[in-house]
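Results of the structural survey
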Amino acid sequence: ADTAFINRSIGDVKMRRRLVWLGALALALGLTFAGTAVAQAAEDKVVKGVYVDDIDLSGMTEAEVEAVLENYVKDLAAKKVTIHVEENQIETTLAELGFTATKEDLAKQAIEVAKSGNVIKRFKEEKDLETSPMQLSVEKALDDEKIDAFVETAKEFDREPKNATITRKDGA
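Residues numbered from 1 in each chain as written. Predicted model: local features only at pLDDT ≥ 70, side-chain atom pairs only at ≥ 80, totals over all residues. Heavy atoms only, no water.

Moving on, we come to the pairing of strand β4 (residues 88-93). One ladder, built from six bridges, connects strand β3 (residues 80-85) with β4; its direction is antiparallel. Residue pairing for β4: I83 is matched across the bridge by I90. Here β3 folds back onto β4, and the loop between the two strands holds two residues, one of which, E86, carries a positive phi near 50°. (Pairing = 2+ DSSP bridges. Helix = DSSP H or I, 4+ residues; strand = E, 2+ residues; numbered from the N terminus.)

Right, here's the structure in full:
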């Protein structure tokens, strides 16, 4: 009878050890997948050292980058342009001069920096960005016909050229 009790106790101990090991394995796998999910979420943000013109995009999501770029383009379009001719001036905005900006895929490009390749390659790209930031750029353009029309409105201030002279005074 004592042998049966000892065998059952040994069997219970082995079962408990297996359960402890299975529990530890399950915990380790759970932490691994949780860590992977956190790393994946972090990868959905722009790494440090990525700029569009003078705007630092570090840590932004793709949606945040798109919103920032949209505001940036609106601000650029609202910039004033003034021509001064003697005491007269003519003013307009870049939007009235046919300002356009192409920002397509810039958010996606910014997000994808240092996200491809193995861990060592991604790490090296991130370290390189610390010393040499990546500069992306919004392509900007103005409408030539609208510029010509604006300059045409300034022609009313044209004056006939005069012969100019330069004189020196006191040897200066």
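Here the narrative resumes, following the displayed structure.
Let us now look at the sheet that holds strand β6 (residues 134-136). Judged by pairing direction, the sheet is mixed, and its three strands sit side by side in the order β2-β1-β6 without closing on themselves. In this open sheet, the two edge strands, each paired with only one partner strand, are β2 (55-56) and β6. Of the pairings in the sheet, the one linking strand β1 (residues 50-52) to β2 comprises two bridges and is antiparallel in character. Across the sheet, Y51 pairs through a bridge with D56, a residue of β2.

This next bit is on the nonpolar core. Ranked by internal contacts, the top residues of the largest apolar core, which has 24 residues, are V46, V50, V52, L57, V65 and V138. Among the secondary structure elements, those contributing two or more residues to this core are β1, α2 (62-77) and α3 (106-112). The contacts of L57, once residues within four sequence positions are left out, are V46, V50, V52, V65 and A110. I90, L97, F150 and F157 belong to the second-largest nonpolar core, a separate cluster that totals five residues. (Core = buried A, V, L, I, M, F, W, Y, C linked by side-chain atoms within 4.5 Å. Buried < 20%, exposed > 50% of the residue type's maximum accessible area, 1.4 Å probe, protein only. Contact = heavy atoms within 4.5 Å.)

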